[in-house]
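So the chains spell out like this:
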Amino acid sequence: MSLLDPITIKQTHFKNRVVMPPMCQYSVIEKNGIVNSWHWQHYVSRAVGGAGTIIIEMTDVDPDGRITDFDLGLWEDAQVAPLKSLVSELKTYGATVGIQIAHAGRKAEDASQPVAPSATRFPAPNYKTPHALSTQEAEKIVQHFQDSARRAVDAGVDFIELHGAHGYLIHEFQSALTNHRTDKYGKDLALFGVEVVEAVKAVIPEEMILQLRISAVEYAPNGYQLDHSIQLIKRYMAAGVDTIHVSSGGEGPTGPNKLYAGYQVDYAKKIKDATNAIVTAVGLLHDPAVANAVIASNKADFVAVGRGILKDPYWTLHAGETLHLNTPIPKAYQRGFRIR
Ligand SMILES: Cc1cc2nc3c(=O)[nH]c(=O)nc-3n(C[C@H](O)[C@H](O)[C@H](O)COP(=O)(O)O)c2cc1C
């Protein structure tokens, strides 16, 4: 098996194993959550550049669920049609298109008062103390995830990724560091995420993949470890999640002690082994040989390349050249790749 081999999951075909992971562009200068010409150039160039999967950046279910006012959103119907045109264009280049649906929770930097499971501030300068959601307010956000998922389906995406990582709202509920509640969402740390999964599942086609991005471990003192995330994943899968995108951290300002190529791959492999999930590994995998080895050694089913693809829109085509693997070059660009 190689990085550029295709795979079909449920009824969705992926032309290769390369994923462009969600990467916020903070480029909605109009502050209306709607894709603009920047998003077109950004995503279309990566589709032309051969990425098998493009996951559109964190797209928020509420205006106050944005990291910044410049995020994409799916909190109202007017946001659907422009997104739909972009998704359709990406598909013409053979990309499978996902979108990451999210709520930033206490990390909503531009909200006048962010919301969170509990009123504990993200421990870094410039973050505000959040309002602790009432049970009813939390249930309303579950509903907003459902509404946004319905809009994503209307926009024609192939799959949806729920953002359960990096210290945003779903993650905040699933972590004892940020969830000090006494209601149903405090008694069961997985419950908010489970309700989101069930609500989303109810409005997407049966055959559509529902992916969840999770932080496999937290780095803050007393943060949760892999045993907890594996239990969470089992709950989320029982509720309807099909595939898992394995990241880490984001609950606080500190990260891993050491950063090295593939530093999160072992988490992906352990989650794959413990849950039988189809997994995407991510994190410093921009060396094509390393990315290919992750697939060849069956540590993950997909490899996401973030900053590598930011730096080089044609990363996948260049990886094919480097690895001497066959990957279709767009006809108009073939002479550039076959200089004799
Ligand atoms: C500019 C930028 C924006 C990002 N935005 C998001 C995001 O919207 N959602 C998310 O889950 N992760 C986001 N990330 C994290 C990436 O998806 C990825 O997990 C991370 O960059 C590690 O992969 P890499 O080493 O290949 O870059 C972002 C990363 C970058 C560099």
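What this report covers is the structure whose coordinates are included nearby. Everything numeric here is computed off the predicted structure, so don't read it as measured data. (Residues numbered from 1 in each chain as written. Predicted model: local features only at pLDDT ≥ 70, side-chain atom pairs only at ≥ 80, totals over all residues. Heavy atoms only, no water.)

Examining the nonpolar core
Core analysis: the largest hydrophobic core is formed by 83 residues, its most contacted members being F145, I160, L162, F192, Y236 and I244. Here this core takes seven residues from helix α6 (residues 191-201), the largest share from any one element. Membership of the second largest hydrophobic core comes to 10 residues, among which are I9, F159, I209 and V282. (Core = buried A, V, L, I, M, F, W, Y, C linked by side-chain atoms within 4.5 Å. Buried < 20%, exposed > 50% of the residue type's maximum accessible area, 1.4 Å probe, protein only. Helix = DSSP H or I, 4+ residues; strand = E, 2+ residues; numbered from the N terminus.)

Quick word on the site of the ligand
In the neighbourhood of the ligand, 15 residues make up the surrounding shell, with Q100, R213, L284, G306 and R307 lying closest. Within the side chain of H163, an N or O atom sits 3.0 Å from an oxygen atom of the ligand. Taking L284, its main chain carries an N or O atom lying 2.7 Å from an oxygen atom of the ligand. Protein burial of the ligand: of its 610 Å² of free accessible surface, 82% is covered by the chains. Its residues placed into classes, the shell around the ligand shows eight nonpolar, five polar and two charged. (Near = heavy atom within 4 Å. Polar contact = N/O pair within 3.5 Å; in protein donor to acceptor, adjacent residues only side chain to side chain. Areas by Shrake-Rupley, 256 points an atom, 1.4 Å probe, with all protein chains shown as cover. Nonpolar A, V, L, I, M, F, W, Y, C, P; charged D, E, K, R; others polar.)

Quick word on the side chain of S248
Looking at the secondary structure, you find S248 in the loop between β11 (243-247) and α8 (265-275). Reaching out from S248, the side chain makes a polar contact with the side chain of Y219 at a distance of 2.5 Å. Only 2.6 Å separates the side chain of S248 from the side chain of Q264, close enough to count as a polar contact. Among residues more than four places away in sequence, those in contact with S248 are H166, I214, S215, A216, V217, Y219, Y263 and Q264. (Contact = heavy atoms within 4.5 Å.)

Quick notes on the pattern of salt bridges
In this structure the tally under the stated criterion is 12 salt bridges. Of the charged contacts, one joins K10 and D242 as a salt bridge, the two residues approaching to 3.2 Å between their closest N and O atoms. Placement of the pair is K10 in the loop between β1 (7-9) and β2 (12-14) and D242 in the loop between α7 (226-239) and β11, with a sequence separation of 232 residues. The class for K10 is partly exposed, based on a relative accessible area of 37%. Ionic pairing is found between K201 and D242, a salt bridge with its closest N-O pair at 3.6 Å. Within this pair, whereas K201 is found in helix α6, its partner D242 is found in the loop between α7 and β11, the two being separated by 41 residues in sequence. In this structure K201 comes out as partly exposed when scored by relative accessible area, which is 22%. Look at the salt bridges and you will find they share partners, linking K10, K201 and D242 into a network. (Salt bridge = Lys/Arg side-chain N within 4 Å of Asp/Glu carboxyl O.)

Observations regarding the side chain of Q264
Mapped onto the elements, Q264 comes out in the loop between β11 and α8. Overall, the relative accessible area of 2% leaves Q264 in the buried class. Within the structure, Q264 has its side chain in polar contact with the backbone oxygen of V282 (distance 2.7 Å). Every residue in contact with Q264, bar those within four places of it in the chain, is listed here: V246, S247, S248, V282 and G283.

Looking at unusual backbone geometry
The backbone of N222 sits at a positive phi, close to 65°, despite the residue not being glycine. Examined against the element boundaries, N222 turns out to sit in the loop between β10 (209-215) and α7.

Concerning the environment of T243
Mapped onto the secondary structure, T243 falls in strand β11. Relative accessible area serves as the criterion here: at 3%, T243 is assigned to the buried category. A C-alpha to C-alpha distance of 21 Å links T243 and A155, two positions 88 residues apart in sequence. Discounting residues that sit within four places of it in the chain, T243 has contacts with I9, I209, L210, Q211, L212 and I278.

Some words on the pairing of strand β4 (residues 53-60)
Regular strands have side chains that alternate between both faces of the sheet. Most of β4 sits out of view: eight of its eight residues are buried. Pairing analysis gives two bridges linking strand β3 (residues 18-20) to β4, with the strands arranged parallel. The partner of V19 across the bridge, within β4, is T53. With six bridges connecting them, β4 and strand β6 (residues 96-102) associate as parallel partners. Bridge pairing in β6 places I54 opposite V97. Here β4 pairs with strand β5 (residues 72-73) via two bridges, running parallel. If you follow D60 over to β5, its bridge partner there is G73. (Pairing = 2+ DSSP bridges.)

As for α8
Burial in α8 covers these residues: V265, A268, I271, K272 and T275. The arc enclosing the buried residues of α8, seen along the axis, measures out at 125°, which places them on a common side. Buried residues belonging to α8 abut α7, β11, β12 (278-282) and α9 (288-296). After α8 finishes, the residue N276 shows a positive phi value of roughly 65°. (Arc of directions from axis to C-beta.)

Looking at the packing of aromatic side chains
Given two aromatic rings, one states the distance between the centres and the angle between the planes to describe the pair. Taken as a whole and assessed by the stated rule, the structure comprises eight aromatic pairs. Put simply, the rings of F145, F173, Y185 and F192 pair up and form one aromatic cluster. Directly above the aromatic system of Y168 lies the positively charged group of K107, at a separation of 4.6 Å from the ring centroid. (Phe/Tyr/Trp six-rings, centres within 6.5 Å; stacked < 30°, edge-to-face > 60°. Lys NZ or Arg CZ within 6 Å of the ring centre and 35° of its normal.)

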